[in-house]
Amino acid sequence: MNDQLDAPAAPAPDAAPAVSTPGGVPSAAGPAGELRVALPDTAGLRTIGEARAAIDGIDAVLAALLERRVAVAGVVQRLKPVGGFAGRDAARERAIVEAMAAHAPSLGAERLARIMTAVIEAGLDAADESARA
Ligand SMILES: O=C(O)C(=O)C[C@]1(C(=O)O)C=C[C@@H](O)C=C1
């Protein structure tokens, strides 16, 4: 497997591709705000060092995605009639997990729910903090 996660839109011709190498730290986003990442081929990873470098590359992209997710979820909190923890929407959270489970069959909905609960709560916490600032 050596898939690519691509932004849905075709990259702008002048957009520098933000592509990771297995050992490299990817840049977060190109000028057009897109994120492209080469997914490492697990069969090609032969050593702990190679595998850890691949994890570091994936985690850098994950962090960039989480950073952007927090920002977007913060916008939702400001737009909702009741934002923050008080405006928690369990049905929406279940729908998010179900949609993600299709892309993460090894994790499955139950484990993804644990991850996404942590992600969503961290986002609400960050939104609360910036609302207080
Ligand atoms: O969609 C919303 O209503 C949000 O507030 C965003 C969000 C999320 O981070 O995805 C956060 C809290 C809700 O419980 C559900 C989803």
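Please refer to the structure placed before this passage.
Since this is a predicted model, take the numbers as computed values, not measurements.

1. Regarding the overall build of the protein
Thinking step 1. Within the protein one finds three helices and two strands.
Thinking step 2. Each helix and strand of the protein, ordered N terminal to C terminal, gives the series β-β-α-α-α.
Thinking step 3. The buried share among the 133 residues of the protein stands at 24%.
Thinking step 4. Put simply, 53% of the contacts in the protein that link residues at least 6 apart link residues at least 24 apart.
Thinking step 5. Accessible surface, the protein as shown: approximately 9000 Å² in total, 60% of it carbon and sulfur.

2. Re the site of the ligand
Thinking step 1. Taken together, Arg 69, Ala 73, Val 76, Gln 77, Lys 80, Arg 88, Asp 89, Arg 92, Glu 93, Ile 96 and Ile 120 make up the full set of residues near the ligand.
Thinking step 2. A distance of 2.8 Å separates an oxygen atom of the ligand from a polar side-chain atom of Arg 69.
Thinking step 3. In the complex, 90% of the free accessible area of the ligand, which totals 360 Å², lies under the protein chains.
Thinking step 4. The element best represented in the shell around the ligand is helix 1 (residues 48–79), accounting for four residues.

3. Here we look at helix 2 (residues 90–101)
Thinking step 1. Taking 1.5 Å of rise per residue, the twelve residues of helix 2 would be expected to cover 16 Å, and the 16 Å separating its terminal C-alpha atoms lies within 8% of that figure.
Thinking step 2. Along its buried surface, helix 2 packs onto helix 1 and helix 3 (108–132).
Thinking step 3. N-capping of helix 2 is provided by Asp 89, with a side-chain oxygen placed 3.2 Å from the backbone N of Ala 91.

4. A short note on the pattern of salt bridges
Thinking step 1. Counted according to the given criterion, the structure contains two salt bridges.
Thinking step 2. Of the charged contacts, one joins Glu 93 and Arg 88 as a salt bridge, the two residues approaching to 2.7 Å between their closest N and O atoms.
Thinking step 3. Relative accessible area serves as the criterion here: at 16%, Glu 93 is assigned to the buried category.
Thinking step 4. On the accessibility criterion, Arg 88 (33% relative accessible area) is partly exposed.
Thinking step 5. Where Glu 121 meets Arg 88, a salt bridge forms, and the shortest distance between an N and an O atom there is 3.1 Å. With a gap of 33 residues between them, Glu 121 in helix 3 and Arg 88 in the loop between helix 1 and helix 2 connect regions that are remote in the sequence.
Thinking step 6. What makes Glu 121 partly exposed here is its relative accessible area of 34%.
Thinking step 7. In the salt-bridge network here, residues are joined through shared partners; they are Arg 88, Glu 93 and Glu 121.

5. Section: a nonpolar patch on the surface
Thinking step 1. A grouping of Ile 58, Leu 62, Leu 65 and Leu 66 is seen on the molecular surface, where their side chains present a nonpolar patch of about 320 Å² in accessible area.
Thinking step 2. Judged by relative accessible area, Leu 65 falls into the partly exposed class, the value being 43%.

6. Structural notes on the nonpolar core
Thinking step 1. Core analysis: the biggest nonpolar cluster contains nine residues, these being Ile 96, Val 97, Ala 101, Ala 104, Leu 112, Met 116, Val 119, Ile 120 and Leu 124.
Thinking step 2. Of all the secondary-structure elements, those providing two or more residues to this core are helix 2 and helix 3.
Thinking step 3. The residues touching Leu 112, leaving out its near neighbours within four places in the chain, are Val 97, Met 100, Ala 101, Ala 104 and Leu 107.

Calculation criteria
Residues numbered from 1 in each chain as written. Predicted model: local features only at pLDDT ≥ 70, side-chain atom pairs only at ≥ 80, totals over all residues. Heavy atoms only, no water. Helix = DSSP H or I, 4+ residues; strand = E, 2+ residues; numbered from the N terminus. Buried < 20%, exposed > 50% of the residue type's maximum accessible area, 1.4 Å probe, protein only. Contact = heavy atoms within 4.5 Å. Areas by Shrake-Rupley, 256 points an atom, 1.4 Å probe, with all protein chains shown as cover. Near = heavy atom within 4 Å. Polar contact = N/O pair within 3.5 Å; in protein donor to acceptor, adjacent residues only side chain to side chain. Expected span 1.5 Å × (residues − 1). Salt bridge = Lys/Arg side-chain N within 4 Å of Asp/Glu carboxyl O. Patch = residues over 30% accessible without salt bridge, like charges linked within 9 Å, V, L, I, M, F, W, Y side chains within 5 Å. Core = buried A, V, L, I, M, F, W, Y, C linked by side-chain atoms within 4.5 Å.

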